[in-house]
Amino acid sequence: MSIIKQVSLLSAGCQPWYRDVCDCSRDCSFAYSSTLATYIYKLDDQYRRFKLDSVICEHRKTISAIAWNPHDSNLIASSSADHTIIVYNVAQQKVEAKLEDTKGVPCCIGWCPFSPDTLAFIQDRGPLFLWKYSLQGDSNTGVQPCKDCAGFNSAVTVFRYHHKSFGKIAFGHTDGSISICVQGIKSQKHILYPDERKDGSSSAEQDHQNPVHNLLWDPLSSDYLLVANFKHGLRLVDTQALTVIMTFTLPSIAARISTLAWMSSGPGMFITGDMNVGILRVWTVARSSPLHSLKLKKTGFHSLIAFESDQLSQACSSAKVNSKKTDYISSTSEVCTKQATAAGVTYTPPTGHALCAFSDGGVGLYDLGKQKWVFLRDQGHIETIFDCKFKPDNSDLLATASFDGTIKVWDVNTMEAVHTSSGNEGIIYHLSWAPADLNCIAAATARSGCFIWDIGKGKIIKRFLEHGKSSVYCIAWNQKESQRIASAGGDNNCVVRLVDGTVIAKLKHPAAVFGCDWSEHNKDMLATSCDDKIVRVFYMLANSEHALKVFSGHTAKVFSVRWSPLKDGIICSGSDDMTVRVWDYTQEACVQVLRGHTGPVRGLLWNPELPHLLISGSWDFSIRIWDTRDGSCLGEVKDHAADVYGLTCHPARPMIMASASRDSTVRIWSLCPLVSSLEISILAGKPLRELIASSDAPLSADSMPLLHGTRSKALLLQRGNDNDSKQKLLQRFSQFFTAPGGATNLWNLVDVIRGKAMADMPESYSKGILHIKHLIDSKTSTANQLEMVNVARFGAGGIGTPSREERFHEAANIYLQVGNLQRYCEMMVALGEWEKALAVAPGVSMPYWESLARRRSEQLVSEESDDAVAFLVAIGDVTAIVDYYTSRSKLNEAVLFAAAASAGAIKRTAFSATQTDGFDSPSNPELLQMSIDALAECYFLDGSPILAACCHLAVNDIQKALCKLLRGNELELAVSVGTVLGGADQLVAVAVDYLSQRCEKLLKWNIGVSLLKNFSHTEQALVRLCCRCAASAAELDDLYAHAGLPSLDECLQQAKALRESPADVHDCVKYYLLSTSPEVGLEIGVAFIKAAMSDSDWTVDAILEMVQLLSYVRTQILQKHKLRDEVLAISAYAGALVAVRRKYYPVVSTLLHCCGHILKRMESSCLPLAANAVSAEVDAWKAHSTVTRTSSQVATKEQEQVYRAFIGRAGLDRGPVEAGPDQVSGSNLPSYSEVHLSYFTAARIQGPVFFLEDGFSAISLSDALMWAKVNAFSPLASAEHLNPF
């Protein structure tokens, strides 16, 4: 496993430079492009929400257009300013075809509707090129210019194929004209110009200020074309008659159309997005004014795509349908649908969805029928992120600076922006937080000098212009002296000034200064990096412009410089010569040159706890982890798709870092695997003073890394002051090592369970998952605060009442006058005036009112309206409320209502309580548990096991919380939480067992033994650890003594004594495996298993303990033993049976395949297993498994029998851990690094990858964990142990 793993991703927004940068596929997926990356979102059918599926980063310059293949939803094409076009296979995560040197930047691309493998593209004035990518040989193969679409007098802005007329294409131009071309027929070019020229300007003057922004063919016509110009708005054009059929009128002269889309659900209906404000307008070709307008955002539209999918419509309308017929109206009348109105005209919202991209980078999927967002992401940067920094006094806040001219502050727990600067600052290269709790950021810009942004006030409070018009590349706020700010600029100066603007030093350099950094050991020491290849150190008290020290050695410009926070006098620098150099100020020399990057080095970061650990980021897209002691590279990742600029870490979370890149993303990383032995030592009870040192300690495999930072020393001091020291120690160090995204929330809930009052909880607690006893009060408090805010609401205009409704009203009034209240109510229902009906219904009876309220709620549920909830609350039908929200994946709301009912805040009416509908409704506590379980499972399947555990702790369910942590491989956290809360010794023992296997992998045998001895129920794990240790006899005797086991010779003697007693066969095998004759134990164990399997009705329980014992044998011994294949086959088959009962379904068939493969390679075998029988079990399993079965597969009668027999051998799971597949943190995070295909399924691996012993076969880490928990041996059947823990 890599020493660095990605734990979180902040994706970019949609770029505003080119127009065709978002699109939808026919399989309910959508895509949008930032500057360099295309983001693919797919619908999660189970929870009916869109999730990031993959990130495509194949271009090196700005993406200019994307287009999804209408014939194959796995293919998406993209063009770029790097003069390339790429066809990408999303399912296989690979480039299907690449066209290089398009001789220009394609402004628009489009798939030919009548040729699935042909892509059209155009740049400038044409011609239109057709690329048949399936014929790709060399770069020009398959590319042909279309002679009928060439020779335009004005550059093309957009083109669109006609969906029905073969070869018919419309082009929009920068001069405002449109052209219609038909392949094979003489083209009609520039046939229509805007005709509004009332200011007397010439055509050339005005037209180039009025380009065509978008155009679309009418889906119901062969000739009609909808055209949007920058100035002259919206027109419907008859391309055959060359006339404007309709000119559409916008509400104001300032309104401009940016984009448009036809709605196939409403004939003649289309939507547009305004350019300056995020107003979506609904039109029909029959009217010149809009039918309806919706303000979706403050910022204007950039692109708009109509997204109509049956799959999406079904997913977003999955309200449970009652099996009995439900009438929502009176028994004699039809319901009169109440429609929205606009300008006095009846308006029915179109069905379907709109994919919206906005000028601020926001992207969303809007449900037009329900008028609400299905998906919305509106906070990402839209360009290169040059820098990122954690807030000094808050490790949860991360600031980013971008090419797009904004600074954003993110909460890393939710990855949501909590503050955003006003923008308009041009390029922001660098930022620096003010020290301590000063809530300000200093920033360096390309053209606007430097400034200080006060986050609390939300404005810039100071600007510095000492660098003139030159770019400022770096800014550093002195963390030891809060009045000083240094900046490095292209004017060859490093300026040091006070916060009030007083310049105290202007340090002249011979060339541009790119970096500057203050020493954390001496507030007057400043280091700079320069274009002249030199690193300089200045001493501020010297009052001299000359450097105190000069370091030369780089062979190209030096961009970055950083002082070590732990070792006084140590500096690192990154250069365009692709090296990182480490300098010792006291020796005046370079003490280390770090080589390995293949591009200029930009980002540099010293770890705040490990003095030799240095991280660098480069233009080669990589992040490297270095041991500066010997210059070795400890690890490398290439998940960024472009240059890596900013790197940052916070002392409170020293093993968590963030990186920023030209791919417009921020990624959060964990370095915890590097110090795993240190974490385990803390859990094993090793004294802290042995782990926290003031002297330097090497980072090597033979010794444990020691902590040196201020935070670890503070934790050591706190340990001495704690009354409840062990629990506090585990909690603090858990937070010290664990990544953001739920760990803080988890420990807050632990405090609540241990009795901490709400008033004593930190402010962050109220923003996360709350304990059930605080949930109602907290939400009530929030409601009270909102109630105090006056919110203005504007209603829609009324319409005249139809004559039919007048008659109904007259009849209803008569019923009211004669006292027939029930009939009056039914008439009001028929008219859709439910409020009047419900107001009068109690006059009939309360049971009638309740039945009416239930009918109203059922109607609203069918209409997907949240208004139904109010009526369900009124009648106390909590089950229906929970079902309503759960079916819509609003699991947090379901939990809240279930909690309110459980607390007695929602009561079922007496009449409702008698209506059981033929089944027993769950009690309120059961509903609460069901809701919590559903929410936890949602988090877990999303790759967030810590948040899933939080859900269970919210209802004091410690067992399930620990199970989620175990299944998510959050082992240290499971041990810490289980130890602090108690009452879950068996689950803690399981976590400790897995951690001991990690010690085995790290060859930390004594630490593993210490860990196991520190907890109960770990006797078998101690035996396994000692059995697998390969060492000298003396070393093994020492390890055995530490574990409390007999020596090697004593084990052999006990084994021989037990061999004569059949009742003690397991102990006999155990002691043989611990002795100098483990091969004897193998023979006895295999004989025992064969005898057990000879019984016709054997189950896995009869052999499982022995199979586990045999897995303790060392690899070197098993590989040479004659029973190797028999042991491997038995282990794989038993593993498949255990996987079935643990619900590890993704690995069952692979385990059986492995067993069958081993059986086939055996020359002879006495095992009661046959390769053909195992193959039949594989087929039977696949025929029944939802994981592998296709829709056309149906199990045969023989397969049914084989399946039942196979399942019967598995039996029931009696282990302490809940059944279900493992899902590690970050399992759903896409990466850019090389795509790995699973050895199990040949499908691409999403999330963390685990490599098998051959070095190239790979499986997902989740699959590796499930395999290792049921079968200790590798899937490659090499007799190597699989250890992914």
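The structure this text deals with has already been given above.
Residues numbered from 1 in each chain as written. Predicted model: local features only at pLDDT ≥ 70, side-chain atom pairs only at ≥ 80, totals over all residues. Heavy atoms only, no water.

Visitor: Help me get a handle on the sheet that holds strand 7 (residues 75-80), residues and values and all.
Guide: The four strands lie next to each other as 6-7-8-9, forming an open sheet whose pairing is antiparallel. Edge positions in the sheet fall to strand 6 (63-68) and strand 9 (94-100), since each of these pairs with one other strand and no more. For this sheet, the mean inter-axis angle between neighbouring strands, taken without regard to orientation, is 15 degrees. By the bridge criterion, five bridges tie strand 6 to strand 7 in an arrangement that is antiparallel. Following the sheet pairing, tryptophan 68 is matched in strand 7 by isoleucine 76. (Pairing = 2+ DSSP bridges. Helix = DSSP H or I, 4+ residues; strand = E, 2+ residues; numbered from the N terminus. Axes fitted to C-alpha atoms, helices over the stretch in contact; angles between N-to-C directions.)

Visitor: Describe unusual backbone geometry, with residues and values.
Guide: The omega angle of the peptide bond from glycine 126 to proline 127 is 10 degrees, so this bond is cis rather than trans. Here proline 127 is to be found in the loop between strand 11 (118-122) and strand 12 (128-132). For histidine 83, which is not a glycine, the phi torsion comes out positive at approximately 65 degrees. With respect to the secondary-structure elements, histidine 83 resides in the loop between strand 7 and strand 8 (84-89). Here the phi dihedral of alanine 1277 falls at roughly 55 degrees; this positive angle occurs in a residue that is not glycine.

Visitor: Which residues make up the pairing of strand 29 (residues 353-358), and what are the values?
Guide: Extensive coverage of strand 29 is indicated by the burial of six of its six residues. Neither face of strand 29 is open: one carries His353, Leu355 and Ala357, the other Ala354, Cys356 and Phe358, and all of them are buried. Alignment of strand 29 against strand 30 (residues 363-367), held across five bridges, turns out to be antiparallel. Pairing of leucine 355 across the sheet is with leucine 365, part of strand 30. Between the end of strand 29 and the start of strand 30, which pair antiparallel, lie four residues, with glycine 361 showing a positive phi angle near 95 degrees. (Buried < 20%, exposed > 50% of the residue type's maximum accessible area, 1.4 Å probe, protein only.)

Visitor: Give me the packing of helix 18 (residues 958-967) against helix 19 (residues 971-981): which residues, what numbers.
Guide: Taken N-terminus to C-terminus, the directions of helix 18 and helix 19 make an angle of 165 degrees; their axes are 8 Å apart at the nearest point. Between helix 18 and helix 19, the angle is such that the two are roughly antiparallel. As helix 18 runs across helix 19, the sense of the crossing is left-handed. Within the contact between the two elements, helix 18 uses Ile958, Leu962, Leu965 and Leu966 and helix 19 uses Leu971, Leu973, Ala974, Val977, Gly978 and Leu981. (Parallel < 35°, antiparallel > 145°, perpendicular 65-115°, else oblique. Left-handed = near helix turned anticlockwise from the far one by under 90°. Contact = heavy atoms within 4.5 Å.)

Visitor: Now, about the packing of aromatic side chains: what can you tell me, with residues and values included?
Guide: Tallying each qualifying case throughout the model produces 41 aromatic pairs. Taking the centre distance of 5.6 Å and the plane angle of 75 degrees together, the rings of phenylalanine 248 and tryptophan 283 count as edge-to-face. Of this pair, phenylalanine 248 sits in strand 21 (residues 243-248) while tryptophan 283 sits in strand 24 (residues 278-284); the two residues are 35 residues apart in sequence, bridging distant segments of the chain. Summarising the burial analysis for this pair, phenylalanine 248 and tryptophan 283 share the class buried. Note on tyrosine 884 and tyrosine 885: the rings are 5.3 Å apart at their centroids and 75 degrees apart in plane angle, and the pair reads as edge-to-face. Residue tyrosine 884 is classed as buried on the basis of its relative accessible area, which comes to 3%. Residue tyrosine 885 is classed as buried on the basis of its relative accessible area, which comes to 8%. (Phe/Tyr/Trp six-rings, centres within 6.5 Å; stacked < 30°, edge-to-face > 60°.)

Visitor: Outline the pattern of salt bridges, supporting the account with residue identities and numerical values.
Guide: With the rule as written, the count across this model stands at 46 salt bridges. Across the pair aspartate 524 and arginine 484 runs a salt bridge, and its minimum N-O distance is 2.8 Å. Of this pair, aspartate 524 sits in the loop between strand 44 (513-518) and strand 45 (525-530) while arginine 484 sits in strand 41 (residues 484-489), placing them 40 residues apart in sequence. Each member of the pair, aspartate 524 as well as arginine 484, is classed as buried. A salt bridge links lysine 686 to glutamate 690, with the nearest nitrogen and oxygen atoms 4.0 Å apart. When its relative accessible area of 43% is taken as the criterion, glutamate 690 is described as partly exposed. Residues joined by salt bridges that share partners form a network here, namely Asp44, Arg49, Lys51 and Asp942. (Salt bridge = Lys/Arg side-chain N within 4 Å of Asp/Glu carboxyl O.)

Visitor: Please provide a residue-by-residue account of the sheet that holds strand 44, values included.
Guide: An order of 44-45-46-47 is seen for the four strands of this open sheet, with the pairing classed as antiparallel. Each edge of the open sheet carries a strand with a single partner, namely strand 44 and strand 47 (549-552). Sheet twist, expressed as the average angle between the axes of neighbouring strands with direction ignored, equals 20 degrees. Sheet topology note: the strand 46 (residues 534-539)/strand 47 ladder contains four bridges and is antiparallel. Bridge pairing in strand 47 links valine 535 to phenylalanine 551.

Visitor: Talk me through helix 32 (residues 1197-1210); I want residue IDs and the actual numbers.
Guide: With 14 residues, helix 32 ought to run about 20 Å at 1.5 Å a step, and its terminal C-alpha atoms sit 20 Å apart, in line with that. Turning to helix 32, its buried residues are Gln1199, Phe1206 and Ala1210. Projected onto a plane normal to the axis of helix 32, the buried residues spread over an arc of 55 degrees and lie on a single side. Exposed residues pointing more than 90 degrees away from the buried face of helix 32 are listed as Lys1197 and Arg1204. Packed against the buried residues of helix 32 are helix 29 (1124-1141), helix 30 (1145-1161) and helix 31 (1171-1184). Glycine 1211 sits one or two residues past helix 32 and shows a positive phi near 70 degrees. (Expected span 1.5 Å × (residues − 1). Arc of directions from axis to C-beta.)

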